[in-house]
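The residues making up each chain are set out below.
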Amino acid sequence: MKLAYWMYAGPAHIGTLRVASSFKNVHAIMHAPLGDDYFNVMRSMLERERDFTAATASIVDRHVLARGSQERVVDNILRKDKEERPDLIILTPTCTSSILQEDLQNFVDRASIVSDSNVIFADVDHYQVNEIQAADRTLEQVVRYYLDRCHRQENLDQFVTDAPSVNIIGIFTLGFHNQHDCRELRRLLRDLDIEINQIIPEGGSVEDLKDLPKAWFNLIPYREVGLMTAIYLNKEFGMPYISTAPMGAVDIAEWIRQIHQNVNTLAPSSSSKRVDYEPYIDGQTRFVSQAAWFSRSIDCQNLTGKETVVFGDATHAASITKILAREMGIRVSCAGTFCKHDAEWFKEQIQGFCDEILITDDHAEVGDMIARVEPSAIFGTQMERHIGKRLDIPCGVISAPVHIQNFPLGYRPFLGYEGTNQIADLVYNSFALGMEEHLLDIFGGHDTKEIMTKSLSTNISLIWNPESQLELRKIPRFVREKVERNTEKFARQKGIGTITVEVMYAAKEALSN
């Protein structure tokens, strides 16, 4: 557990609640003190849901601390069972309530005797895992619970569908553009004549989980959530899975070829279901996706040599890094992820596509790296967008943590061929263009901003006296920020608190030497 005012991934119980509230007719009960129950408001606001979020807080207060939680927790489970009639109730503690070290599994067992609903305890270590890992584990636990139950009752149908079909695993609430990506995946699979057996957890029913093994194979669009479930289904039922993210023209083609291979492997040799998707890949790449054409245009070639920084979850950061370097010819000075548990996969994916790799969940370390590299553009999370504002560096948001801006009313997928167009627009529009710089400089647009006097790499503020500020404004815009940062760096090295014109010239002389 870590105390911080910014976290790239929230506490474990948020991941469990996200999975529970994505399923239909599943209710989550969190054993938590007041203050830990902000999930309902957050989800209702960001997802613009009309219905109340199916999550209830069993509050830990002074009475609970005095008498214990069993009576209150069990009463809350039974009350929700009668009021909501859910198919499943998931009980989860929070980091705070875990300090009490109560046997919540025993509470679940006691409530299960009386409850008409199925009741399970979210089996995650709230001190060791974060929101993403807990969501992945909870989804696997729910799937395993229902398939094991069907196996015990001997009513599990393992006969696959006649036509090629897939399960899409990992689309869920508060995901980064998940709803748009799901719509694009539906379109792609429809074009490929592949049926969708189930999409979980978003909009899925736990009572239908018994039909998961009927699909030919599983698709995992994002490594962060769904991979544990796919591995379990592969181990127990021999179901193949594809964990490649269809993001960017090259990886979309690879994703479709993996589908091609699975369909032809699983279809009978004499069957008419054997396929050839190469003409589809060629047509979509040349005529539907504009990204391939754009990467050869003069507009994109003007970006060649510009430096960028990429940071986000493992799936999006790796994909965007490869798109920038491999498909658009843009230099990636540093690529990083906050998914420390998936560091080895991330390093393997982006090896050779960037100059430097950063694995950290400390936003200050990311900010220091950006201040040091001074890229032309950043592609990161909302935190990197704030860092970019402080450094006057444009930023395109490509990954969770989510913000209201990441729930656009229009269609904005990152996956599939339409996703390639959206990403190309995002990349191009994130750079400050040459004519824009000249016009702002001519009409004084930049001079309305106050001079930044605080670097991200230190908490020590520097003071620019009026003469030095005036001198700095005389410097052309396209080099002004670099001069400013180099001067502040020199001043800190020399222990100077106030920057004068003399300090500016001394910094310039030191840099030239």
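Residues numbered from 1 in each chain as written. Predicted model: local features only at pLDDT ≥ 70, side-chain atom pairs only at ≥ 80, totals over all residues. Heavy atoms only, no water.

The name an unreviewed UniProt entry gives the protein chain is Light-independent protochlorophyllide reductase subunit B, with Wollemia nobilis as the organism. In the Pathway (unreviewed entry) part of its UniProt record, the protein chain is described as follows: "Porphyrin-containing compound metabolism; chlorophyll biosynthesis (light-independent)." What the UniProt record of the protein chain gives under Subunit (unreviewed entry) is the line "Protochlorophyllide reductase is composed of three subunits; ChlL, ChlN and ChlB. Forms a heterotetramer of two ChlB and two ChlN subunits." (UniProt positions renumbered as here; feature names shortened; annotations may be inferred.)

Further remarks concern the overall build of the protein chain. Scanning the protein chain from N- to C-terminus turns up 22 helices and 15 strands. Rg of the C-alpha trace for the protein chain: 26 Å, near the compact-globule value of 24 Å for 513 residues, within the 12% margin. Along the first, second and third principal axes, the C-alpha set of the protein chain runs to 85 × 70 × 40 Å. Counting every position in the protein chain, which comprises 513 residues, the buried fraction comes to 54%. Here the contacts in the protein chain between residues at least 6 apart in sequence split such that 72% fall between residues at least 24 apart. Here the protein chain has roughly 23900 Å² of accessible surface; of this, 50% comes from carbon and sulfur atoms. (Helix = DSSP H or I, 4+ residues; strand = E, 2+ residues; numbered from the N terminus. Rg over C-alpha atoms; globule rule 2.2 N^0.38 Å. Buried < 20%, exposed > 50% of the residue type's maximum accessible area, 1.4 Å probe, protein only. Contact = heavy atoms within 4.5 Å. Areas by Shrake-Rupley, 256 points an atom, 1.4 Å probe, with all protein chains shown as cover.)

The buried count for strand S1 (residues 26-32) comes to seven of seven residues, which makes it a mostly enclosed element. Side-chain alternation along S1 places Val26, Ala28, Met30 and Ala32 on one buried face and His27, Ile29 and His31 on a second face that is also buried. When S1 meets strand S3 (residues 88-93), the two strands line up parallel, connected through six bridges. Of the residues in S3, the one forming a bridge with Val26 is Leu88. (Pairing = 2+ DSSP bridges.)

A few words now on the sheet that holds strand S12 (residues 377-380). Strand order in this open sheet of five strands is S11-S10-S9-S12-S13, and the pairing throughout is parallel. The open sheet has two edge strands, strand S11 (356-359) and strand S13 (395-397), and neither has a second partner. Sheet twist, expressed as the mean angle between neighbouring strand axes with direction ignored, is 15°. Pairing geometry for S12 and S13, over three bridges, is parallel. Residue pairing across strands places Phe379 opposite Gly396, the latter belonging to S13. (Axes fitted to C-alpha atoms, helices over the stretch in contact; angles between N-to-C directions.)

Take the sheet that holds strand S8 (residues 241-242) next. Strands sit in the order S6-S5-S7-S8 across an open sheet of four strands; the sheet is parallel. Looking at the sheet topology across the chains shown, the edges are occupied by strand S6 (195-201) and S8. In the sheet, strand S7 (residues 217-219) pairs with S8 via two bridges, with the strands oriented parallel. Across the sheet, Asn218 pairs through a bridge with Tyr241, a residue of S8.

Next up on the list: the environment of Ile259. Mapped onto the elements, Ile259 comes out in helix H10 (residues 249-266). Between the C-alpha atoms of Ile259 and Leu219, which are 40 residues apart in sequence, the distance is 9.1 Å. Setting aside chain neighbours within four positions, we find Ile259 in contact with Leu189, Leu192, Ile194, Phe217, Leu219, Ile242 and Tyr277.

Per the stated rule, a full pass over the model turns up nine aromatic pairs. An angle of 45° between the planes, with centres 6.4 Å apart, marks the rings of Phe311 and Phe338 as tilted. With Phe311 in strand S9 (residues 307-312) and Phe338 in the loop between strand S10 (331-337) and helix H15 (343-350), this residue pair connects regions lying 27 residues apart in the sequence. With respect to burial, Phe311 and Phe338 carry one shared label: buried. Members of the aromatic cluster, connected to one another through ring pairs, are Tyr8, Phe311 and Phe338. The ring of Tyr411 carries Arg183 above its face, with NZ or CZ at 4.0 Å from the centroid. (Phe/Tyr/Trp six-rings, centres within 6.5 Å; stacked < 30°, edge-to-face > 60°. Lys NZ or Arg CZ within 6 Å of the ring centre and 35° of its normal.)

Under the present numbering, the feature "active site" (unreviewed entry) in UniProt falls on Asp299. Relative to the helices and strands, Asp299 resides in helix H13 (residues 298-301). When its relative accessible area of 33% is taken as the criterion, Asp299 is described as partly exposed. Residues within four places of Asp299 in sequence aside, it is in contact with Phe294 and Tyr428.

Another point: the packing of helix H7 (residues 131-153) against helix H9 (residues 227-237). One way to put it is that H7 packs onto H9 with a least axis distance of 7 Å and a crossing angle of 30°. Taken together, the axes of H7 and H9 are roughly parallel relative to one another. Between H7 and H9, the residues in contact are Asp136, Arg137, Leu139, Glu140, Val143, Arg144, Leu147 and Asp148 and Leu227, Met228, Thr229, Tyr232, Leu233 and Phe237, respectively. Per-class residue counts for the contact of H7 with H9 are eight nonpolar, one polar and five charged. (Parallel < 35°, antiparallel > 145°, perpendicular 65-115°, else oblique. Nonpolar A, V, L, I, M, F, W, Y, C, P; charged D, E, K, R; others polar.)

Attention now moves to the domain arrangement of the protein chain. Domains assigned within the protein chain are domain 1 (12-129), domain 2 (165-286), domain 3 (292-443) and domain 4 (463-512). If you average the C-alpha positions of domain 2 and of domain 4, the two centres end up 55 Å apart. (Domains from an automatic or database assignment.)

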